[in-house]
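A structural walkthrough
Here is how the chains run, residue by residue.
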Amino acid sequence: MRNELKGRFAPSPSGRMHLGNIFTALMSWLSVKSRGGKWLLRIEDLDPQRSKYEYARLIEDDLRWLGLDWDEGGLDNIGPDGPYSQSQRGNLYAEALDRLIASGDTFPCYCTRAEIMATQAPHQSDGRVVYPGTCRNLISHPDRKPSIRLKVTDEQIAFTDLIAGHHSYNLARECGDFILKRADGAWAYQLAVVVDDAAMGVTEVMRGNDLLLSAAQQIWLYRRLGLSAPTFAHLPLICNSAGQRLSKRDASLSMEALRKIHSPESLVGLTAHLAGLTATPDPIPAKDLIPLFSHQPLKTTHLIQLSAKLL
Ligand code: GLU
């Protein structure tokens, strides 16, 4: 049945998972399992330089160790809508791109990153880059290979997120026309994720709230492709005790280190407590959290700052 509840976890296999990834995986698993839904594992290995098969294998091993089993997807391509690794799905992205090109929604862009950066306001401090529209009306540039961009319009894209609440973005102001295929031929995340979530029947997309603007870009793409968008549920971000977003630099919070000092139940218990699902950080198996899960405590904060004593 196509309209069953289906969530997904879509890690990029560019390193070992850390506590932030575990938090996302556990919450999205619980969110669908607590309502009788299915959970899918998709390997987002679009970036050939950074993605490694070995990391995908370790992600699967870490998920199994945590007790988070998937109903569909993974390296073994379980299910009807595979393959479930993005590196093997280029034909589907090409088809979607052809449709967008045919409807006049795209244009080739010959700008280099340096050229785009030179057009940005000097004091823009949040790291956001807004494409200035340079190539919208340019026909060709003989010595360069183009990227392909999707046109956006000057209008608000509004949506209600299951956790983060109401959000509205004007894509023309927030990011400008965005990339679907890079000049080196690599598929962009935004196109791949929309094509895949739609083709795999995903109805609930849960991930970190650093991807809220991406949700607006993806809604825009769903509309251009005539597809219906899933429900979005953006989680608070976990920060280290210094208040910074977790990254590969937080080696002590990587699964490699965490598995040395925790049992699966102790790590799951800690993560559930950070999410506000349990009153104490006591060990608990993931499946015992299914009846305890609620989205409610996740709605109360945008950031979860770790205190050193919890780990
Ligand atoms: N592959 C992305 C990441 O690991 C996930 C994006 C998503 O869930 O849409 O950050």
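Quick look at helix α1 (residues 19–33) now. A rise of 1.5 Å per residue sets the reference length of α1, with its 15 residues, at 21 Å; its end C-alpha atoms lie 21 Å apart and thus fit the reference within 8%. Counting buried residues along α1, 14 of its 15 residues qualify, which places the element largely inside the surrounding structure.

Read from one edge of the open sheet, 3 strands run β4-β5-β8, paired in antiparallel fashion. Of all the strands in the sheet, the pair left with one neighbour each is β4 (106–109) and β8 (178–181). Averaged over neighbouring strand pairs, the angle between their axes works out to 45 degrees when direction is ignored. Relative to strand β5 (residues 147–150), β4 is paired through 4 bridges, and the arrangement is antiparallel. Along β5, the bridge assignment pairs Thr106 with Leu150.

Bringing the side chain of Asn240 into the picture now. Relative to the elements of secondary structure, Asn240 occurs in the loop between β11 (237–239) and α8 (255–261). At 3.1 Å, the side chain of Asn240 and the side chain of Asp250 are in polar contact. Apart from residues lying up to four places away in sequence, Asn240 is in contact with Leu246, Asp250, Gln305 and Leu306.

Right, let's get into the site of the ligand. Every residue lining the ligand is accounted for by Arg8, Ala10, Pro11, Ser12, Glu44, Tyr189, Val193, Arg207 and Leu211. The side chain of Ser12 places a nitrogen or oxygen atom 2.9 Å from a nitrogen atom of the ligand. If the ligand stood free it would expose 300 Å²; the protein chains cover 74% of that surface. Here the shell around the ligand is built from residues that sort into 5 nonpolar, 1 polar and 3 charged.

The two faces of strand β6 (residues 156–161) differ: Ile157, Phe159 and Asp161 on one face are buried, but Gln156, Ala158 and Thr160 on the other face are not. With 6 bridges connecting them, β6 and strand β7 (residues 165–170) associate as antiparallel partners. Looking at the pairing, Gln156 lines up with Asn170 of β7.

Core analysis: the biggest nonpolar cluster contains 44 residues, and Leu19, Leu26, Met27, Trp39, Leu63 and Leu68 have the highest contact counts within it. Those elements that place two or more of their residues in this core are α1, β2 (38–41), α2 (53–66), β10 (231–235), α8, α9 (264–274) and α10 (286–289). Of all the elements, α1 adds the most residues to this core, at 9 residues. Non-local contacts of Met27, meaning those with residues more than four positions away in its chain, are made with Met206, Leu235, Ala275, Leu277, Phe293 and Leu298. Ranked by size, the runner-up nonpolar core spans 37 residues in total, among them Leu100, Ala215, Ile219 and Tyr222.

Cut-off values and rules
- Position numbers for residues start from 1 in each chain and track the written sequence from start to end.
- Where totals are concerned, whole chains, interfaces and linings use all residues; where local detail is concerned, this predicted model gives features only for residues with pLDDT of at least 70, and gives and counts side-chain atom pairs only at 80 or more.
- Each side-chain value is worked out from all heavy atoms of the structure, with water and hydrogens disregarded.
- The way it works is that DSSP assigns letters per residue, a run of H or I at least four long becomes a helix, a run of E at least two long becomes a strand, and they are numbered from the N terminus.
- Here, expected helix span is obtained from the residue count minus one, scaled by 1.5 Å.
- A simple rule labels every residue: compare its accessible area, found with a 1.4 Å probe on the protein chains alone, to the largest value its type can have, and call it buried under 20%, exposed over 50%, or partly exposed in between.
- Paired strands, as defined in this entry, are two strands with at least two bridges between them according to DSSP.
- Every angle, taken between N-to-C directions, lies between 0 and 180 degrees, and every axis is a line fitted to C-alpha atoms, over only the stretch in contact when it is a helix.
- In protein, a polar contact means a hydrogen-donor-capable atom and an acceptor-capable atom, both N or O and within 3.5 Å, with residues adjacent in sequence counting only if both atoms are side-chain atoms; elsewhere, any N or O pair within 3.5 Å suffices.
- In what follows, residue pairs with any heavy atoms lying within 4.5 Å of each other are defined as contacts.
- Working definition: residue near molecule or strand if any one of its non-hydrogen atoms lies within 4 Å of it.
- For every accessible area listed, the method is Shrake-Rupley and the probe measures 1.4 Å; residues are considered covered only by the protein chains on display.
- Following the grouping adopted for this structure description, the nonpolar residues are Ala, Val, Leu, Ile, Met, Phe, Trp, Tyr, Cys and Pro, the charged ones are Asp, Glu, Lys and Arg, and the polar ones are all others, Gly among them.
- Only buried Ala, Val, Leu, Ile, Met, Phe, Trp, Tyr and Cys residues count toward a nonpolar core, and they belong to the same one when joined by side-chain atoms within 4.5 Å.

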